[in-house]
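Analysis of the macromolecular model
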Amino acid sequence: MSCKFHVNDEVIVISGKDKGKRGIIKKIKLNKVIINNINLVYKNIKSDSINNIIGKIIKKESWINISNISHFFLSNNKIILSRVGFKYLKNKKKVRYLKFNNLLINEK
């Protein structure tokens, strides 16, 4: 089954603590994604004297469920949040499109 979200798609968070924030997808795994600078969590790094690693606390992105994000597009200075569908072009290539206005999503 094809995924409606791809790496480098611009999305907006529609629920959760980061609601309303926009970002670009970095990783996808099953029904979860990592978005650049969204859903930041603190991670403790243990010190290791053998490998000369100093313990510290870092911030990193965590996984977000796909149901909590939506595609984001700017068209004529209007924000478009739309569901995505699939259709075949005449050259039998499967592409994604916005159901709101039948606009094709840029394919790689």
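Remember, predicted model here, so these are calculated numbers, not experimental data.

1. Focus on the pairing of strand β9 (residues 84-88)
In this structure, β9 lies alongside strand β10 (residues 94-98), joined through five bridges in antiparallel fashion. Bridge pairing in β10 places Phe-86 opposite Arg-96. Counting the residues in the hairpin turn of β9 and β10 gives five residues, including Lys-92, whose phi is positive at 60°.

2. Quick notes on the nonpolar core
With 10 residues, the main nonpolar core is built from Phe-5, Val-11, Val-13, Ile-25, Val-33, Ile-35, Ile-38, Ile-64, Ile-66 and Ile-69. Where this core is concerned, the elements lending two or more residues are β1 (10-13) and β3 (32-35). Once residues within four sequence positions are removed from consideration, Val-13 is found in contact with Asp-18, Lys-19, Gly-20, Lys-21, Ile-38, Asn-68 and Ile-69.

3. Thoughts on the pattern of salt bridges
If you walk through the whole model with that rule in mind, you get three salt bridges. Across the pair Lys-21 and Asp-18 runs a salt bridge, and its minimum N-O distance is 3.2 Å.

4. Brief notes about the side chain of Arg-96
Inspection of the secondary structure puts Arg-96 in strand β10. A distance of 2.8 Å separates a polar atom in the side chain of Arg-96 from the backbone oxygen of Lys-4. Of the polar contacts made by the side chain of Arg-96, one reaches the side chain of Asp-9; its length is 2.8 Å.

So, how was this worked out
- Residues numbered from 1 in each chain as written.
- Predicted model: local features only at pLDDT ≥ 70, side-chain atom pairs only at ≥ 80, totals over all residues.
- Heavy atoms only, no water.
- Pairing = 2+ DSSP bridges.
- Helix = DSSP H or I, 4+ residues; strand = E, 2+ residues; numbered from the N terminus.
- Core = buried A, V, L, I, M, F, W, Y, C linked by side-chain atoms within 4.5 Å.
- Buried < 20%, exposed > 50% of the residue type's maximum accessible area, 1.4 Å probe, protein only.
- Contact = heavy atoms within 4.5 Å.
- Salt bridge = Lys/Arg side-chain N within 4 Å of Asp/Glu carboxyl O.
- Polar contact = N/O pair within 3.5 Å; in protein donor to acceptor, adjacent residues only side chain to side chain.

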